[in-house]
Amino acid sequence: MDAAMVTAVAALLGSPVAAAAAVYGSRAAARAQREGGIIGGYDSLTGRLTAERDKAERDQAAAEARASAAEAKVHALEAEVERLRTQVVQLGGTL
């Protein structure tokens with residue numbers, strides 16, 4: 001075999017190897033890109049869930065504050081009713 005024949009055989013054998021390497025590299029790049037997208041989506045979801053949780057906690061605290069204020073008003077009204085009943089009885093009325 002002369003040098004031209006060796007070069008031709010090497011080129012014929014090298015082409016499929018190069019093609020296989022390109023396919024493998026392409027798959028690896030696609031997998032890395034897909035995993036990067038998954039991680040980015042996970043980070044985005046985590047951020048949204050954290051923000052939603054924080055808002056729910058703020059809403060719950062506000063609702064508890066409103067309930068506490070309403071409960072204080074109810075107690076004040078009950079005390080006022082009891083005071084008025086006592087006053088009615090003292091003035092000679094009946095309940």
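Residue numbers run consecutively from 1 along every chain, following the written order of its sequence. Predicted model: local features are reported for residues with pLDDT of at least 70 only, side-chain atom pairs are reported and counted for 80 or more only, and whole-chain, interface and lining totals are derived from all residues. Side-chain metrics rest on all non-hydrogen atoms present in the structure, leaving aside hydrogens and water.

### A short note on the pattern of salt bridges
- For salt bridges, the criterion is a side-chain nitrogen of Lys or Arg within 4 Å of an Asp or Glu carboxyl oxygen. Tallying each qualifying case throughout the model produces four salt bridges.
- Between Arg 53 and Asp 54 there is a salt bridge whose closest N-O contact spans 3.0 Å.
- Note on exposure labels: buried denotes an accessible area under 20% of the residue type's maximum, exposed denotes more than 50%, and partly exposed covers the range between, all computed with a 1.4 Å probe on protein chains only. Assessed through its relative accessible area of 29%, Asp 54 is described here as partly exposed.
- In this structure, Asp 59 and Lys 55 form a salt bridge, with 2.8 Å as the shortest nitrogen-oxygen distance. Of this pair, Asp 59 and Lys 55 both sit in helix α1 (residues 3-90), separated by four residues, roughly a single helical turn.
- Exposure remark for Lys 55: the relative accessible area of 44% places this residue in the partly exposed category.
- Sharing partners across several salt bridges, the network here consists of Arg 53, Asp 54 and Glu 57. In this text, helices come from DSSP runs of H or I with a minimum length of four residues, and strands from runs of E with a minimum of two, each type numbered from the N-terminal end.

The quantities given are spatial measurements derived from coordinates; they are silent on function.
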